[in-house]
Amino acid sequence: MIYGMYRSATGVMTSTHRMNTIANNLANSSTVGFKRDLAATMERRTAAAERGLGPTASNAMLERIGGGTLLMPTRFDNSTGGMEKTPNPLDLAIDGNGFFAVRQNGQTRLTRNGQFQMNQEGKLVTVDGNPVLDVELKPIQLDPRIVPSVDTTGAIVQGGSVVARLAVKQVDDTNSLHKEGMTLFSHPAVAGLMQLGNGKAPGRVLSNSLEQANVDPTLELTQLMAAQRELEANANMIKTQDAMLGRLVTEVGKIS
């Protein structure tokens, strides 16, 4: 194996992954409730170090260089995005730790996107038509003739009476969440999560508000340019090493 080309190739792969991740963040910078992804990498140990061999089992200089870079599982930034006021009372945001529960293709999903609406049948749904769930994880049925309001605990009021209460689940360990696309997350045990407003889970529901994506376009563009420079540098190193090997074969190794 040509060690230098291998390290440069791993650099190209990790830089490409970073660029794709950042580009996706930028594309969703105006998506309500979107959480930016974080492209993580780690330094790979050399083969000798991974096998637990001593320093004499390999070339000392190459051991100091390391084994290149590896991609780690992509994580997401769960920090709260900016709040934007709207005239729609069913535009909801969560101030604090919490996720709305919705039903997608028969599966319970979590989301920070509170762009809800009442359809013609009076069901509370997302902009994609997915039913919004109550504390018992059942679809919410409202009276389509009455404009609803939502208080800070997630209670939905119509005609002066509470007719339903939104499921707003607190997730302490965000590593248990998995992105499913369209600002939706899956969790292995949604029913067992703590409900906001029970006195133990801090936070509140904000009506006439939407949480914007937690993406800073300026920061993402800066990181995108840095990743692009890293990719170009590694690609140029591959070309340089390939040219050197070509000369080694065609000139240095030539029999005169």
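Coordinates for the structure precede this section.
Residues numbered from 1 in each chain as written. Predicted model: local features only at pLDDT ≥ 70, side-chain atom pairs only at ≥ 80, totals over all residues. Heavy atoms only, no water.

**Q** Could you give an account of unusual backbone geometry, with specific residues and numbers?
**A** Look at asparagine 105: it is not a glycine, yet its phi comes out positive at around 50°. The residue asparagine 105 is located in the loop between β7 (99–104) and β8 (107–111) in this model. Its identity as a non-glycine residue notwithstanding, leucine 137 has a phi of 60°, on the positive side. Along the chain, leucine 137 falls in the loop between β10 (124–126) and β11 (149–150). (Helix = DSSP H or I, 4+ residues; strand = E, 2+ residues; numbered from the N terminus.)

**Q** How would you explain the environment of lysine 169 if you had to name every residue and give the values?
**A** Checked against the element boundaries, lysine 169 lands in strand β14 (residues 168–170). Distance from lysine 169 to leucine 193, taken between C-alpha atoms, is 5.8 Å for residues 24 residues apart in sequence. The contacts of lysine 169, once residues within four sequence positions are left out, are Gly98, Phe99, Leu110, Val135, Leu137, Val190, Ala191, Leu193, Met194 and Gln195. Within the local environment of lysine 169, its side chain forms a polar contact with the backbone oxygen of leucine 193, the two atoms lying 3.5 Å apart. (Contact = heavy atoms within 4.5 Å. Polar contact = N/O pair within 3.5 Å; in protein donor to acceptor, adjacent residues only side chain to side chain.)

**Q** Account for the nonpolar core, naming residues and giving values.
**A** Ranked by internal contacts, the top residues of the largest apolar core, which has 18 residues, are Leu124, Ile140, Ile156 and Leu166. Sequence-distant contacts of isoleucine 156, defined by excluding residues within four places in its chain, comprise Leu124, Ile140, Leu142, Pro148, Ser149, Val150, Ser161, Val162, Val163, Ala164 and Leu166. Phe99, Phe185, Val190 and Leu193 belong to the second-largest nonpolar core, a separate cluster that totals 12 residues. (Core = buried A, V, L, I, M, F, W, Y, C linked by side-chain atoms within 4.5 Å. Buried < 20%, exposed > 50% of the residue type's maximum accessible area, 1.4 Å probe, protein only.)

**Q** Which residues make up a nonpolar patch on the surface, and what values go with them?
**A** A contiguous nonpolar surface patch, about 240 Å² in accessible area, is contributed by Met42, Leu70 and Met72. Of note, methionine 42 is situated in strand β2 (residues 41–43). (Patch = residues over 30% accessible without salt bridge, like charges linked within 9 Å, V, L, I, M, F, W, Y side chains within 5 Å. Areas by Shrake-Rupley, 256 points an atom, 1.4 Å probe, with all protein chains shown as cover. Salt bridge = Lys/Arg side-chain N within 4 Å of Asp/Glu carboxyl O.)

**Q** Give a detailed account of the packing of aromatic side chains, specifying residues and quantitative values.
**A** Across all of its chains, the model carries 3 aromatic pairs by this definition. Ring centres of phenylalanine 99 and phenylalanine 185 lie 5.7 Å apart, and the angle between their planes is 70°; this geometry places the pair in the edge-to-face category. A residue pair is termed long-range when its members are at least 10 positions apart, and phenylalanine 99 in strand β7 and phenylalanine 185 in strand β16 (residues 184–186) qualify at 86 residues. Across the pair, exposure class does not vary: phenylalanine 99 and phenylalanine 185 are buried alike. With 5.1 Å between their ring centres and 80° between their planes, phenylalanine 100 and phenylalanine 116 make a pair best called edge-to-face. (Phe/Tyr/Trp six-rings, centres within 6.5 Å; stacked < 30°, edge-to-face > 60°.)

**Q** Describe the pattern of salt bridges, naming the residues involved and giving the relevant values.
**A** Under the defined criterion, the tally for this structure stands at 9 salt bridges. For arginine 145, the salt bridge is made with aspartate 143, and the minimal N-O distance between the two is 3.0 Å. With relative accessibility at 74%, the residue arginine 145 sits in the exposed group. Taken together, the salt bridges that share partners define one network made up of Lys35, Arg112 and Glu211.

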